Amino acid sequence: MIKIPAHVAIIMDGNGRWAKQRLLPRFAGHQQGLNSVRTAITFCAKKHIPCLTLFAFSSENWRRPETEVNFLLGLFLRSLKSELKTLAENKVCLKIIGDKSSFSEELKTAILEAEKITENNTGMRLNIAFNYGGHWDIIQATKKITEEVTEGKLKTQDISEEIFRSHLTLNDCPDPDLLIRTSGEYRISNFLLWQFAYTELYFTDCFWPDFREEQFEEALKVYNKRKRRFGYIGEQIEQSPPDFAIIEQKIHA
Ligand code: IPE
Ligand code: IPE
Ligand code: MG
């Protein structure tokens, strides 16, 4: 029986190199990458993967040339409108995570509308991380906790992993079981730093625009061969296979 991860996170990398290989401008790679986004969503819906988080723009990606940043912002804005049909067909509930404070009013409105339109969809949850950084997430959680302590709603000695987790942006999703990073880079690039504590990491040389059903199937196959131990020894797991969902809850508690 195939184990289906409860949450898959993807660092969609390699759009620029995909385009360069074809002597195309970088934006052509980003545009083509959108087809892989659609494939990933329909694949997860089909496989009953309940939660998918896609890294679309990091807090460091502002460092790119202005024309590329503007293209990515524009593509994101257009997609929030054009992809609503795909989201509805797959019963997807959409959430955008990241620092939205610097977004234009137009983008903020489009985000609110897309989230509102999809909020009652009963299928999978899709998180798009845009202007997201793991450092930012930890700092914004710390600020909220500090405010609660200052206001007397929380005592310093009561700050636990569970309390901290509940202030992070993905507080209503389990931690990712599987992280996929495309394009042959072996790093996290400031993605879900807290949440990746026990995530299985899968790296593939495939560029994101080439990452389709077959490649996703392969990632799931590799994930299924992994032996997760969560600190136990192998024999403990083999003798009485623990329920990892319960273990994860304990880890989170
Ligand atoms: C990922 O592809 C998309 C974003 C980071 C927005 P890249 O644009 O990083 O592509 P490469 O890594 O330069 O090939
Ligand atoms: C990570 O890719 C961010 C996204 C995929 C959105 P980058 O291409 O920005 O990562 P680095 O700079 O190579 O680490
Ligand atoms: Mg890259």
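Here, the structure is the one placed above.
The rules we used
- Residues numbered from 1 in each chain as written.
- Chains lettered and ligands numbered in written order.
- Predicted model: local features only at pLDDT ≥ 70, side-chain atom pairs only at ≥ 80, totals over all residues.
- Heavy atoms only, no water.
- Pairing = 2+ DSSP bridges.
- Helix = DSSP H or I, 4+ residues; strand = E, 2+ residues; numbered from the N terminus.
- Axes fitted to C-alpha atoms, helices over the stretch in contact; angles between N-to-C directions.
- Contact = heavy atoms within 4.5 Å.
- Expected span 1.5 Å × (residues − 1).
- Buried < 20%, exposed > 50% of the residue type's maximum accessible area, 1.4 Å probe, protein only.
- Lys, Arg positive; Asp, Glu negative; His and termini not counted.
- Salt bridge = Lys/Arg side-chain N within 4 Å of Asp/Glu carboxyl O.
- Polar contact = N/O pair within 3.5 Å; in protein donor to acceptor, adjacent residues only side chain to side chain.
- Near = heavy atom within 4 Å.
- Areas by Shrake-Rupley, 256 points an atom, 1.4 Å probe, with all protein chains shown as cover.

### A look at the sheet that holds strand β5 (residues 178–181)
With parallel pairing, six strands are arranged side by side in an open sheet as β3-β4-β2-β1-β5-β6. Both outer strands of the open sheet, β3 (93–97) and β6 (200–203), are each paired with one neighbouring strand and no more. The average angle at which neighbouring strand axes cross in this sheet is 20 degrees, direction not considered. When strand β1 (residues 7–11) meets β5, the two strands line up parallel, connected through four bridges. By the bridge assignment, Ile11 is partnered in β5 with Arg181. Against the sheet, helix α8 (residues 213–225) contacts β1, β5 and β6, and its axis sits at roughly 135 degrees relative to β5.

### Brief notes about helix α2 (residues 26–47)
Given 3.6 residues per helical turn, the α-helix brings residues three or four places apart onto the same face. Spanning 22 residues, α2 covers 32 Å between terminal C-alpha atoms, matching the ideal 32 Å at 1.5 Å per step. Every buried residue of α2 is listed here: Ala28, Gly29, His30, Gly33, Leu34, Ser36, Val37, Thr39, Ala40, Ile41, Phe43 and Cys44. Buried-residue contacts for α2 involve α1 (15–21), β2 (51–58), α3 (66–82), α4 (84–89), β4 (125–132) and α8. Backbone geometry just downstream of α2 places His48 in the positive-phi region, at approximately 60 degrees.

### Regarding the side chain of Glu115
Position of Glu115 among the secondary structure elements: in helix α5 (residues 105–118). Within the buried set, Glu115 has no salt-bridge partner at all; the shortest N-O distance to an opposite charge, 4.3 Å, is to Lys100. Reaching out from Glu115, the side chain makes a polar contact with the backbone nitrogen of Ile96 at a distance of 2.7 Å. The contact partners of Glu115, leaving out residues within four places of it in the chain, are Leu94, Lys95, Ile96 and Lys100.

### Comments concerning the site of ligand 1
Around ligand 1 lies a shell of 13 residues, among which Asp13, Gly16, Arg17, Arg26 and Arg64 are the nearest. A distance of 3.1 Å separates an oxygen atom of ligand 1 from a polar backbone atom of Asn15. At 2.7 Å, a side-chain N or O of Arg64 approaches an oxygen atom of ligand 1. Here ligand 1 has 380 Å² of accessible area as a free molecule, and 87% of this is covered by the chains. Secondary structure elements with two or more residues in the shell around ligand 1: α1, α2 and α3. With three residues, α1 is the single largest residue contributor to the shell around ligand 1.

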